[in-house]
Amino acid sequence: MSLTVSNDLLDQARAGEVDDAAFVACVRDSLPYAWSVISGLVDERARTGAEFADNTVPPPDEAARGQLLRCLASDSMRGALERHFGVKLAFQNCHRVAVFDPSAAKAHAEFVTARSQILNQSPELVDC
């Protein structure tokens, strides 16, 4: 299971729309490693003023890796986090998360190319 959903949030979903704040809180609480990586990159990008900040450190274990994969493979989770933080997210391999300023369309477009993905490969990442 990707998320630990409270009964209140489940009731809200059954009754209609779930607001982003409640959903983001569920993601934060359910996937703390993924949240810490993404929120840390958001802070880094804001602090440096760079077009993007990215994580190149592999997760400490398979559970952490799974959190990143679940979070970033979900369109709803990714979209909610992008709206919450006001950024564009991108993902390569099993851990290279990048946070882009929304105005950095060229840098984002380059990051998500096949060329960039291929250049980011290494023998250590075969099983990630």
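Refer to the structure presented above.
Let me begin by describing the structure that accompanies this report. Counting restarts for each chain: residues are numbered from 1 in the order of the written sequence. The model is predicted, so local features are restricted to residues of pLDDT at least 70 and side-chain atom pairs to those at 80 or more, both for listing and for counting; the totals for chains, interfaces and linings are taken over all residues. To obtain the side-chain values, all non-hydrogen atoms of the structure were included, while hydrogens and water were left out.

### Overview of the sheet that holds strand β3 (residues 96-100)
Worth spelling out the cut-off: By definition, two strands form a pair when at least two bridges between them are found by DSSP. Secondary structure elements are defined from DSSP: runs of H or I of at least 4 residues count as helices, runs of E of at least 2 residues count as strands, and each element is numbered from the N terminus. Fitting a line to C-alpha atoms yields each axis, with helices limited to the stretch in contact; the angle taken between N-to-C directions then spans 0 to 180 degrees. Contacts are residue-level and defined by heavy atoms, with any inter-residue pair within 4.5 Å sufficient.
Pairing within the open sheet is antiparallel, and its three strands lie in the order β1-β3-β2. Single-partner strands in this sheet number two, and they are β1 (52-54) and β2 (88-92). Direction aside, neighbouring strands of the sheet carry axes that sit 20° apart on average. Helix α3 (residues 32-48) contacts β1, β2 and β3 of the sheet and is inclined by roughly 40° relative to β3.

### A short note on the packing of aromatic side chains
The condition is simple: Any Phe, Tyr or Trp ring, taking Trp's six-membered ring, that has another such ring centre within 6.5 Å forms a pair; planes under 30 degrees apart are called stacked, those over 60 apart edge-to-face, and the others tilted.
Summed over all chains, the structure comprises two aromatic pairs. Centroid distance W35 to F85: 5.1 Å. Interplanar angle 45°. Geometry classified as tilted. In this pair, W35 sits in helix α3 while F85 sits in helix α5 (residues 75-85), placing the two residues 50 residues apart along the sequence. Where F52 meets F100, the ring centres are 4.8 Å apart and the plane angle is 25°; that geometry is what we call stacked. Note that F52 is positioned in strand β1 and F100 in strand β3, a separation of 48 residues in sequence.

Purely spatial values, then, with no claim about function.
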